[in-house]
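# Overview (structure and organization)
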Amino acid sequence: MCVGVMGTALASPLYPLYQQAWGLKPSDITHLFVVYMFGALTSLLFLGRLTQRHGFLAILRTGLTLMTAGVVLSALAWNVPVFMLARLMIGLASGMITTSASIGMVQARPGRDPRRTAALTTVAMTLGFGLGPLVGGLMAQWVPHPLVTAYVPTAAMGLLAVYALHQLRGLPTGGTRDDALPPGTWRGVIAQWMPRLTPPPRLRRRQFWLASMGAFSAFGMFSLYSSLAPSFMQEIVPWHGPAVSGLSIAMILFLSSAFQFMVRNWRTKRVALASGCALVLCNLLLMATTLTGATLVFGAAVIATAFGHGLANVAGMGVVAKLTTPEERGGLLSSYLIVGYLGTIVPILGMGWLSDHVGLNRGLLVFCGAMALLSAVVTALGMRTAEIPVPQQHL
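Computed from a predicted structure; not experimentally measured. (Residues numbered from 1 in each chain as written. Predicted model: local features only at pLDDT ≥ 70, side-chain atom pairs only at ≥ 80, totals over all residues. Heavy atoms only, no water.)

### Notes on the overall build of the protein
Put simply, the rule reads: Only DSSP runs of H or I covering at least 4 residues are called helices, and only runs of E covering at least 2 are called strands; the numbering of each starts at the N terminus. Residue exposure (1.4 Å probe, protein chains only): buried if accessible area is under 20% of the type maximum, exposed if over 50%, otherwise partly exposed. The contact rule is simple, with two residues in contact once any of their heavy atoms fall within 4.5 Å. Per-residue accessibility takes into account occlusion by the displayed protein chains alone, with areas from the Shrake-Rupley method and a 1.4 Å probe.
Counting secondary structure elements, the protein contains 15 helices and 0 strands. Within the protein, buried positions represent 56% of all 395 residues. A separation threshold of at least 6 residues defines the contact pool for the protein, and within that pool the share at least 24 residues apart is 84%. Within the structure as shown, the protein displays about 16,400 Å² of accessible surface, and the carbon and sulfur contribution to it stands at 69%.

Here it is, written out as C-alpha cells:
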C-alpha cells in the first residue's frame, strides 16, 4: 500500500514546472489534479467488486502494475493530454490499491481490534502519499531534467513491489464467486462491472455520514496543498521551489501518520471530534497566513492540517470497521472513500475557478471560510451523536 500510493501525489511539487513549461493557469493545475481523482472514483465505482470476486492479492498486484505504468508514462509525457492520461491511470490504480490493501490488512490480522488495524492501514497509506511528493520535490530541486528524473525512484520501487507481491504465498485472499450473477451471459458480464455500493446500516447512518463528511473536509484541505500549494506559497511565504513545496506536503502526511499512531487507542468519537476542531483551526490559520504572510502562522496551519487529516482518516476507517465484518467491508469502504474523494474534486474545482476570476489570495480566503464552516457544522453534529460500540468479537 505504501509504495502503491507514492505516485498519487508525486507530481504536486512539479506543477509550477509544468505550469512554466506548458503555459498553464491555476485552474489548469486543478484540472490535472482532479483527473487523478476521477480515476480513483471510477475505480471505486466500477472496480470495487473485483477484490471480493478475485481476492485482494490479485487486485493489489494489478493495481501496482498499473500505478507503475502510470508513473513511467508521466515521466515520458510531452503534452497535457498524455500527462492527463497518466494521471488517470494512477487514479484508477489508487482506488484498486487502497481498497484491496485495506481488505488484505484485515484478513492478514483476523480477530484484531478494528481500531488498531484501521490505524495501521491509514499510517501505511499516508506514509506512501507523503514519500511521493518528498522524493519528487527533492529530485526536481537538484537533479537535471526534473520532469523526467523525479519519477525514477517511484517507478523503481513500484517494480520492486510488484515483484515482491508475486513472491507472497499462503495469504488468505478472500476471493469468492458471485453466484447471483448468471455466468456466460451479457447480463452477467454487465452486472459484474456495474457499481454496487454498500449502504450503511439504517440505525448507524448518521455516524457513517458524519465520518464521511469529516473525510470530505480533510481530503479537501490536503488537496488544496497538493494542487495549489506550490503556487500560493510563492506569494505568502518567503521560501519556494519544488523541494520546499514537496516537503510541506510530505510534512502534512508524515505528521498525519504520527498523529494517527498516537490516537490508535482513542475512542472513535473522541478522534472524530478532535479532527473536526483541528480542521476548523487549520482553515482559520491559513486565512490568517494569507492576510499576514507570517511564516510561523503558516507552519501552525500545516501542523493543524496534519492533525485534522490524520484523525479524520482514523475516525472514518474506525467507523467502517465497526459497521462491517471483514467479508463485507469492501462495499462500505468504497462508499466511504467515494464521499472522501468528492472532497478532493468539488472544492478544488471551485478553488481553481475562484483563482482565475478573483485572484489566488481572495479565492483562498473564500475556500478556507467555506471549509471551516463545513467542519464546524460536522463537529457540532458529531457532539450530539452516539458512539458506535466495538463489536463483541473484537473485545
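### Some thoughts on the nonpolar core
Here is the rule we go by: We define the nonpolar core as a collection of buried residues of types Ala, Val, Leu, Ile, Met, Phe, Trp, Tyr and Cys that are connected through side-chain atoms lying within 4.5 Å of one another.
Residues Tyr-151, Met-221, Tyr-225 and Leu-286 are the most contacted members of the largest nonpolar core, which totals 92 residues. Here this core takes 14 residues from helix H13 (residues 295–323), the largest share from any one element.

### Observations regarding the environment of Val-314
With respect to the secondary-structure elements, Val-314 resides in helix H13. Distance in space between the C-alpha atoms of Val-314 and Thr-268 is 7.9 Å, their sequence separation being 46 residues.

### Some thoughts on unusual backbone geometry
Even without being a glycine, His-145 presents a positive backbone phi close to 50°. Tracing the chain through its elements places His-145 in the loop between helix H6 (114–142) and helix H7 (146–149). Residue His-145 is classed as exposed on the basis of its relative accessible area of 63%.

### Comments concerning H13
Because the α-helix completes a turn every 3.6 residues, residues three or four places apart line up on one side. Cut-off, in case you're wondering: Helices are assigned an expected span. That span is 1.5 Å times one less than the residue count.
For H13, spanning 29 residues, the distance from its first C-alpha to its last is 42 Å, which sits close to the expected 42 Å at 1.5 Å a residue. For H13, the buried fraction is high: 23 of the 29 residues fall into the buried class.

### What about empty space enclosed by the protein?
Worth spelling out the cut-off: A cavity here means a set of points on a 1 Å grid, drawn over the protein atoms and nothing else, where a 1.4 Å probe fits but cannot get out; a pocket is an open set with protein on both sides within 12 Å along at least five of seven lines, and a residue lines either one if it has an atom within 4 Å of a point. Grid points are joined across faces, edges and corners, and a volume is the space filled by probe spheres set on the points. Put simply, Ala, Val, Leu, Ile, Met, Phe, Trp, Tyr, Cys and Pro go in the nonpolar bin, Asp, Glu, Lys and Arg in the charged bin, and everything else, Gly too, in the polar bin.
A complete count under the given rule lists 4 cavities of 30 Å³ or more for this structure. In terms of lining, the largest cavity is formed by 27 residues, of which the most central are Gln-207, Leu-210, Ala-211, Ala-272 and Gly-382. Elements supplying a minimum of two residues to the lining of the largest cavity: helix H10 (205–236), helix H12 (268–292), H13 and helix H15 (360–383). Of the residues contributing to the lining of the largest cavity, the split by class is 13 nonpolar, 11 polar and 3 charged. In terms of residue count, the dominant contributor to the lining of the second largest cavity is H10 (4 residues). Considered class by class, the residues forming the lining of the second largest cavity number 11 nonpolar, 7 polar and no charged.

### What to know about the packing of helix H11 (residues 242–262) against H13
To keep it simple, the criterion reads: Where helices are involved, their axes are fitted lines through C-alpha atoms of the stretch in contact, as for all axes, and angles between N-to-C directions lie from 0 to 180°. Roughly parallel refers to an angle under 35 degrees, roughly antiparallel to one over 145, roughly perpendicular to one between 65 and 115, and oblique to any angle outside these ranges. Each helix crossing is assigned a hand: it is left-handed if the near helix lies turned anticlockwise from the far helix by less than a right angle, otherwise right-handed if that turn is clockwise.
Interaxial distance between H11 and H13 falls to 7 Å at its minimum, and their mutual angle equals 50°. The angle between the axes of H11 and H13 places the two elements in the oblique class. The two elements H11 and H13 cross, and the hand of that crossing is right-handed. Packed against H11, whose contacting residues are Ser-248, Ile-252, Leu-253, Leu-255, Ser-256, Phe-259, Gln-260 and Met-262, the element H13 presents Val-302, Ile-303, Thr-305, Ala-306, Phe-307, His-309, Gly-310, Leu-311, Asn-313 and Val-314 at the interface.

### Description of the packing of H12 against H15
Across the interface, H12 lies against H15 with an axial gap of 9 Å and an inter-helix angle of 160°. On the basis of the axis angle, H12 is roughly antiparallel to H15. Where H12 crosses over H15, the handedness of that crossing is left-handed. Contacts between H12 and H15 involve Lys-269, Leu-273, Gly-276, Cys-277, Leu-279, Val-280, Asn-283, Leu-286, Met-287, Thr-290 and Leu-291 from the first element and Asn-361, Leu-364, Leu-365, Cys-368, Gly-369, Met-371, Ala-372, Ser-375, Ala-376, Thr-379, Gly-382 and Met-383 from the second. When the residues that make up the contact of H12 with H15 are grouped by side-chain class, the tally is 14 nonpolar, 8 polar and 1 charged.

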